[in-house]
Structures are given as C-alpha cells and as structure tokens.
Amino acid sequence: MRRAEIVVSLLFMLLGVIVIVDSVRLGFMWGRTGPASGFFPFYLGAGVVIASLIVLLKAVQQYRKQGEGKPLMPPGALKPILWVVIPSTAMVAITELVGLHISAALFLGFYMRVVGKIGWTTTLLISIIAPLSLYITFDKLFLIPLPAGLWGGYLLRF
Amino acid sequence: MEDLNNLMIGFGVVFQPYNLMIIVVGLILGIIVGVLPGLGGANGVAILIPIVVTMPATAGVILLSMIYWGALYGGSITSILFNIPGEPWAVAATFDGYPMAKGGKPGKALVLAFLAHGAGAIFGVVVLTFFAPILAEFALKFGPAEVFAVMMLTFSAFVGLGGKSPLKTVVAILFGFILAAVGMDIVSGQLRMTYGTIVLMGGFNFIVAVIGLFGLGEIFLTVEEGLKVEGIKARIGLKDILDGMKDVIRYPKALIMGTLIGCWMGFKPGGATPASFMAYGFTKQASANAAEFGTGAPAGIIAPEAAAHAAGTSATIPMITLGIPGSPTMAVIMGGLMIFGLQPGPMLFKEHADFVWGFIASCWMGNVLGFFVVLAFAPIFASILRVKFAIFMPLIIYVCAIGAYAVNNRMIDVYYMILFGVLGYLFKKLDYPIAPMVLALVLGDMAEQAMRQALIIGHGSPLVFFTLPLALPIMAAAIIIFFWPVIAPLKSKLFGKKA
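Reading guide: rules and limits
- Per-chain numbering applies: the sequence of each chain, read as written, is numbered from 1 onward.
- Each chain gets a letter, beginning with A, and each ligand a number, beginning with 1, in the order they are written.
- pLDDT decides what is reported in this predicted model: residues at 70 or higher carry local features, side-chain atom pairs at 80 or more are listed and counted, and totals for whole chains, interfaces and linings draw on all residues regardless.
- A run of H or I in DSSP counts as a helix once it spans at least four residues, and a run of E counts as a strand once it spans at least two, with each numbered from the N terminus.
- For the radius of gyration, the atoms used are the C-alpha atoms, and the globule rule reads 2.2 Å times the number of residues raised to 0.38.
- With C-beta atoms placed from the backbone, a residue is buried if 20 or more other C-beta atoms are within 10 Å of its own, exposed if 12 or fewer are, and partly exposed between those counts.
- Residue pairs qualify as contacts under a 7 Å threshold applied to their C-beta atoms, which are placed from the backbone.
- Remark: nonpolar core denotes a set of buried Ala, Val, Leu, Ile, Met, Phe, Trp, Tyr and Cys residues whose joining runs through C-beta atoms within 7 Å.
- Start and end points for every domain follow an automatic or database-based domain assignment.
- Orientation is described by axes fitted as lines to C-alpha atoms, over the contacting stretch for helices, and by angles from 0 to 180 degrees between their N-to-C directions.
- Note on terminology: angles under 35 degrees are roughly parallel, angles over 145 are roughly antiparallel, angles of 65 to 115 are roughly perpendicular, and the others are oblique.
- Charged residues are taken to be Asp, Glu, Lys and Arg, nonpolar residues to be Ala, Val, Leu, Ile, Met, Phe, Trp, Tyr, Cys and Pro, and polar residues to be all remaining types, Gly included.
- Rotating anticlockwise by less than a right angle from the far helix to the near helix defines a left-handed crossing, while the corresponding clockwise rotation defines a right-handed one.
- Multiplying one less than the number of residues by 1.5 Å gives the expected span of a helix.
- To obtain the arc, one takes the directions from the helix axis to the C-beta atoms.
- As a per-residue measure, pLDDT reflects the predictor's confidence and takes values from 0 up to 100.

Student: Please clarify how the overall build of chain B should be interpreted in this entry.
Tutor: A count of helical and extended segments in chain B gives 23 helices and two strands. By the compact-globule yardstick of 23 Å for 499 residues, chain B fits well, its C-alpha radius of gyration being 22 Å. For the C-alpha atoms alone, the extent of chain B along its principal axes is close to 70 × 60 × 50 Å. Residues counted as buried form 62% of the 499 residues belonging to chain B.

Listed below in structure tokens is the structure:
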C-alpha cells in the first residue's frame, strides 16, 4: 500500500509540473486585463506539487521504517475487479461500432453468464429486455439520442 | 410571517397533481437507489439529469431532490437487514442496527431508523425554511471578494475538520480545481491545458466525474469485498412502530445530539456520511452505558440516522443561498438547477421566489411522505437486494454509461467515466477524500472568476481579501480552520488539556 502511495503522490507531482508548464506559457502574472489565464492554474499546480511532495516524503519515511504495510488490495481481489473493468471498457469500445444498447446487451449477457454464472434463461431475458426498454425510454419517449455507433443505426431500425 | 406565507404559496405548487406524482415517483426511485450498493445518491441524481432536462424546472429539481431524500431513507434498510450499507452514510447504521435486527427485532430497528430519519429531516427543513431567507438577504451584500472568501471557508472546513489527512485533502481539492480549469478560460477565452488536443477542449464535466467516482468506484469496492447477501426477513407490525416510538422518546439525547450534529455538518460542507459517524461517536461517548453500543443499542441507531438525514436536508441551505453545495449529492442537484438557468445564490430568492418556495415546500412534503412510503414498503424494497449482484451490477454500469453520455452527448465522457471509476477506487483505497474534489470541480470556475474579479477590484493586491469588512472575518475563519490540525495540538499543549 505504501508503494502505491508513493507512486500516486509522484503522479500528482508530475501533474502539478505539467500544469505549471502550461500556466507559464499562458502567463501567470498580471496581464493587460487583470490576472492572466495562467494565474490561477499556476498556484494550483504549485500547491499540488508542494502538498504531494510532503505526502511523498512522509510515505517514503514510513516505508523505510515499517516496510510495505497492508497490501493495497486484499489478496484475490484484483481478479474480480479486472473482470468488471475489462468487460465494461470493452462495452464502451464496442459502443463506437454498434451503439450503446447493443453493446450493453452483449456486456450484460457476457457478465451474467460467464462471470456471474447465471442461468441461460435469466441471462437472455435480462440482456434483451433491459436494453430494449431503456432504448424505448431514452431514444423514443424522452428523445434523448444515445450513441448509435458506426452500424447501430442500421441494426436498430424502429 | 412573510416566510410562512411564501411557504403556503410553495405548498400550492407542490400540491399540483403533476408535482405530487413527481414526488412519489422520485421517492420510490430514490429508495431503490438507496438500497442498491453501487448506485448512490450522488450518481443516482446525476444519471437522471438528462431526463429531468425535458421537464419543467420546478418539477425537475423536485425530482432530483426526491432521489436524495429517498436514498437517505433507503440506505438504512439494507444496513439493518443485510449488514450491507446501501449508501456510505448508512455505514454507521450497521453498527447497532444489524445486531438489533439479528437479535430478533428487525421491525423495531427499521422503525427506529426511519423515525430518526424523519425527525432529523424535519429539523433540517425547519432550519432551511426560516434561516435560508435570512442568510440569502445577508448574502446579497457579497461581492467577489466575499464569495471567494466563503469558498475558501468551505474548502478549509474539509481540510481542517474533514477528519481525513489534511495534506491529502489539499491535494484532492487542488486536483478538482485543476480538472475544472481544463478547457476554455472563462474570463479571457484562451485555451488552457489542452496541449493542442481537441478532446480536452471541452474540459471535464463534473456530472461525469460523479458518475465515475461514486458509481463505478463504489462498484469496484463492492466487488473487491465480494458481496454475500444474507438478509434477515422483516415485517413491520404495529407493535414495532409503538416500540420504536417509545424508544425514540426514551433517548431524547441521542436524537437531539444526532440532529444538531447533522445540521451543523450539512451546513458546514461535510455531508451526511461524516455526520453519521460523528453523531455515533459522540453519542457513545456521552452515553451512560457505552458498553451496550455495538450490540443493538437503540441510541446507536437513532443518533447516526438522525444526523445523516439532518445533514442531507440542511445541506440545501448553503446550496440555495450561497451557491455552495454542502455535499456531493447537493452539488449534482445544484448542477441540475444551473441547467435550468437557475443560478443558485442570494438572487435566486428575489428572481425566482416561486421556484425557491416550491422547492422548500417539496422538501417538507418529500421527507414526510418518504417516511410513510419507506415504513409501508421497507420489506419490498429489501427484497430487491435478493436479486443476485451479478445481475444488477452490470445493469448499473449500463445505466451509468447512459447517464455519462447523455450529459453532453459526447462519447469521450463514457471513457472518462471509467477512468474516474478507477480513480475513485484508488482514492478510496489511499484515503484521498472524494467529496472535496467533486466540490472543487463544481465550484472551480466560480471560485476562479470571483478571485480574479476581486483582484482586479483590489488592483492586484491580495490584501483585498483582508480589508473589506465582510471578507475579513470569513477569511480569518477560513485560515484558522485550515490550520486547525496544527493549532489543535498546540492549544492542548498550552492549556494542558486533551483536545
């Protein structure tokens, strides 16, 4: 956990530096019409760098004294989390092709059947009825168009 | 008395059939949101925003707030019956609620929780009704320097009194402000921190962030713990209701303490979650039989539940009078107001009095009605959790994706949602607070604008924040609270007392 702590505070510092660089480009002093565009972000960036530097130093100190400490995740927790993260990212990626509702149907079916070990009937019923009813609610009743993707418009034509 | 007249006019709005229907639908949706882990108040409201936009303004905002009240009530059902908090603010309800339910009195535990919720809520709404107009009148005198000072006070409260690591809170707040600054500079129109990409030009929408941080982040945490549902079946009989009422009267201290702590925590941004923990801790300390706590003590249910709901309702006060939301859920509701072109702040009371009083009346109505709805149908709502997690979890992610996309009709937001989900998980694990980060993201543009205007007024001297008569005390309070983690140990050293 402490190692993750160190990495995250380093990332925050990096972010702060990136922000400062752009603020300097925009001008972080007094411009023609008052504070320039980079004024506020400059101090934000500087603040993040300083605060996370202290977090980093503390974490390093503790790491030296007490070692890694508790793991970031309890053992065996990474797998179920990845089983959520990867399929849902895939759902978003497939959305670009076939639209949100169809890719969600695939996602629902996949997760329920493969990960959740739910019976075929329930899986099929839910992964067809849920996207269909949400499609009708959003796209038809409230007229909120959801992403159709490249081919979704051809696949869902009603 | 003027307030009472206004309130009556507000009730006139609420009693329109359409609005009444909205209230009931909102409450039921809210309770469902409250029961389901992974679908919380903040992202429940966020997902609905695209739908709400199609409604009239008053009805839309009422619907959003009903989700919050419903979720506040609903969160405790699963805490008590399943030992699974449906909402973070209901965690404290598991300490004594679950043992009591296990001990054979699930009905009584539920009734106690709902009664405490109702009492806390009503107290918060009373304060809202009578204090908010005064505060709004006062806030009319605020210029940019004062507005910025109030925001400083808000964020100082998170750092100094938030209970998390002050440094990490600072990092989280600044990170939120940085995300808010990405995109077009609101004053000069220049592009900032886009690094030549078109994707970053649109900036980060806080509703997307909320859906990711609270929705997906929460789901990852639940998955990690491996959700096992072992519930207690409950029925609420007349005897349970009478028993519960007797106990609420028998422990007035717990109720009053919880309500007051909740009110304070909701007003001073903090929100329902820390309020419930604080109330539990204080009541336990003050109780004569502290050993009973954790084994099903009635006071241990009453205090945190009253605090959570009082914090929820009183978080409305700073939101509607100052434009500063007291909790993440309130921030999303405020986002809803702004979509309707209703800029929260002191002018709202002048320009849209009908809306303000309709909204306040709906808070009365919703919290009272919510009590009866939840009391009558608690067992039915509890049965939702008997549906397998592997079924409703992907459904929640699907609905979250719809919400994230529909905010701006941008596909990139759905990717951001997943990123924010992972970020939320990491934040939780490493103890970086999420709530102040969300508030910083919401208030970023306003804070920056106020600061820059104030500096222009002061000809570039930051002394402008310390010389104006209204700004000075607020700023001074902000600085003291900010350094409170450093001051408190010093004070106890000087006076030789334990802080």
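Still more to cover.
Student: What should I look at first to understand the overall build of chain A in this one?
Tutor: Within chain A, the secondary structure is distributed over six helices and two strands. Ordered by position from the N terminus, the helices and strands of chain A form the series α-β-β-α-α-α-α-α. Since a compact globule built from 158 residues should have a radius of gyration of about 15 Å, the 24 Å found for chain A marks it as more spread out than a globular shape. Projected onto its principal axes, the C-alpha coordinates of chain A cover approximately 60 × 55 × 20 Å. The burial tally for chain A puts 34% of its 158 residues in the buried class. By sequence separation, contacts in chain A at least 24 residues apart represent 60% of the contacts at least 6 residues apart.

Student: What's the story with the nonpolar core in this structure? I'm lost.
Tutor: Grouped burial of nonpolar side chains is what soluble globular proteins tend to show. One finds Phe 148, Ala 149, Val 210, Ile 302, Ala 401, Met 417 and Val 438 of chain B to be the most contacted residues of the largest nonpolar core, which totals 230 residues. Residue-level mapping places this core at the junction of two domains, with at least three residues from each of domain 1 (2-66) and domain 2 (78-155) of chain A. Discounting residues that sit within four places of it in the chain, Val 438 of chain B has contacts with Gly 176, Phe 206, Ala 209, Val 210, Leu 213, Pro 328 and Ala 331 of chain B.

Student: Is there a simple way to think about the environment of Thr 313 of chain B in this case?
Tutor: Residues and elements named next belong to chain B. With respect to the element layout, Thr 313 can be found in helix α13 (residues 298-314). Of the residues examined, Thr 313 has 31 C-beta atoms within 10 Å and is grouped as buried. For the pair Thr 313 and Ala 272, spaced 41 residues apart in the sequence, the C-alpha separation amounts to 9.2 Å. Dropping the residues within four chain positions of it, Thr 313 is found in contact with Ala 121, Gly 124, Val 125, Leu 128, Gly 266, Cys 363 and Asn 367.

Student: Got a minute to help me understand the packing of helix α7 (residues 144-161) of chain B against helix α8 (residues 166-181) of chain B in this structure?
Tutor: Helix packing for two helices is described by the angle between their axes and how far apart those axes are. Residues and elements named next belong to chain B. Direction vectors running N to C along α7 and α8 enclose 150°, while the axes themselves pass 8 Å from each other. Between α7 and α8, the angle is such that the two are roughly antiparallel. Two secondary-structure elements touch here, α7 through Phe 155, Phe 158, Val 159 and Gly 160 and α8 through Pro 166, Thr 169, Val 170 and Ile 173. The residue inventory of the contact of α7 with α8, partitioned by class, reads six nonpolar, two polar and no charged.

Student: What exactly am I supposed to notice about the domain arrangement of chain A here?
Tutor: Many descriptions give the size of an interface as the accessible area lost when the pieces come together. For chain A, the assigned domains read domain 1 (2-66) and domain 2 (78-155). Distance from the C-alpha centre of domain 1 of chain A to the C-alpha centre of domain 2 of chain A: 39 Å.

Student: Is there a simple way to explain the interface of chain A and chain B in this structure?
Tutor: Between chain A and chain B, the residue contacts involve 50 residues of the former and 46 residues of the latter. Where the side of chain A that touches chain B is concerned, the elements lending two or more residues are α1 (2-26), β2 (34-35), α2 (39-66), α3 (78-98), α4 (100-115) and α5 (120-141) of chain A.

Student: Which parts of the structure should I look at to understand unusual backbone geometry?
Tutor: The bulk of non-glycine residues show a negative phi, and the bulk of peptide bonds are trans. Residues and elements named next belong to chain A. We note that Lys 117 has phi near 55°; this positive angle belongs to a residue other than glycine. Following the sequence through the fold, Lys 117 ends up in the loop between α4 and α5. Phi angles above zero are rare outside glycine, and Leu 143 is one such case at about 55°. Tracing the backbone shows Leu 143 in the loop between α5 and α6 (152-155). Classification of Leu 143 by C-beta neighbours within 10 Å gives exposed; the count is 8.

Student: Please explain the environment of Leu 369 of chain B as it appears in this structure.
Tutor: Residue and element names in this part refer to chain B. Here Leu 369 lies in helix α17 (residues 353-383). As a C-alpha pair, Leu 369 and Gly 70 span 299 residues in sequence and 9.8 Å in three-dimensional space. Setting aside chain neighbours within four positions, we find Leu 369 in contact with Ile 23 and Leu 27.

Student: Looking at this structure, how should I read the packing of helix α6 (residues 106-139) of chain B against helix α11 (residues 252-267) of chain B?
Tutor: Residues and elements named next belong to chain B. In the contact formed by α6 and α11, the axes pass within 10 Å of each other and the chain directions differ by 50°. The orientation of α6 relative to α11 falls into the category oblique. As for the relative orientation of α6 and α11, their crossing is right-handed in sense. Counted together, Ala 116, Ala 119, Gly 120, Phe 123, Gly 124 and Val 127 of α6 and Leu 255, Gly 258, Thr 259, Gly 262, Cys 263 and Gly 266 of α11 form the full contact between these two elements.

Student: Help me understand helix α9 (residues 206-225) of chain B in this model?
Tutor: Three- or four-residue spacings in an α-helix give side chains the same orientation, since the helix completes a turn every 3.6 residues. Given a rise of 1.5 Å per residue, 20 residues ought to cover 28 Å, and the 27 Å separating the end C-alpha atoms of α9 of chain B matches this to within 8%. Of all the 20 residues making up α9 of chain B, 16 are buried; the element is thus mostly covered by neighbouring parts of the structure.

Student: Any chance you could explain helix α10 (residues 238-250) of chain B here in plain terms?
Tutor: All names here are of chain B. Its 13 residues place the ends of α10 18 Å apart at the C-alpha level, agreeing with the 18 Å of an ideal helix rising 1.5 Å per residue. Among all positions of α10, only Asp 240, Gly 244, Asp 247 and Val 248 are buried. Taken end-on, α10 shows its buried residues confined to a sector of 100°, consistent with a single buried face. The exposed residues of α10 that point more than 90 degrees off its buried face are Leu 238, Lys 239, Leu 242, Lys 246 and Ile 249. Looking at the buried side of α10, the elements it contacts are α6, α11 and α13.

Student: Honestly, the confidence of the model for chain A in this entry has me stumped. Any pointers?
Tutor: Any region with low pLDDT has predicted coordinates that should not be read closely. On average, residues of chain A score 85 in pLDDT, and 96% of them are at 70 or above. Per-element mean pLDDT across chain A ranges from 68 in α6 of chain A up to 90 in α4 of chain A.

Student: What am I meant to see in the confidence of the model for chain B here?
Tutor: Across chain B, the average pLDDT comes to 85, with 97% of residues at 70 or higher. Across the assembled chains, the prediction reports ipTM 0.91 with pTM 0.85.

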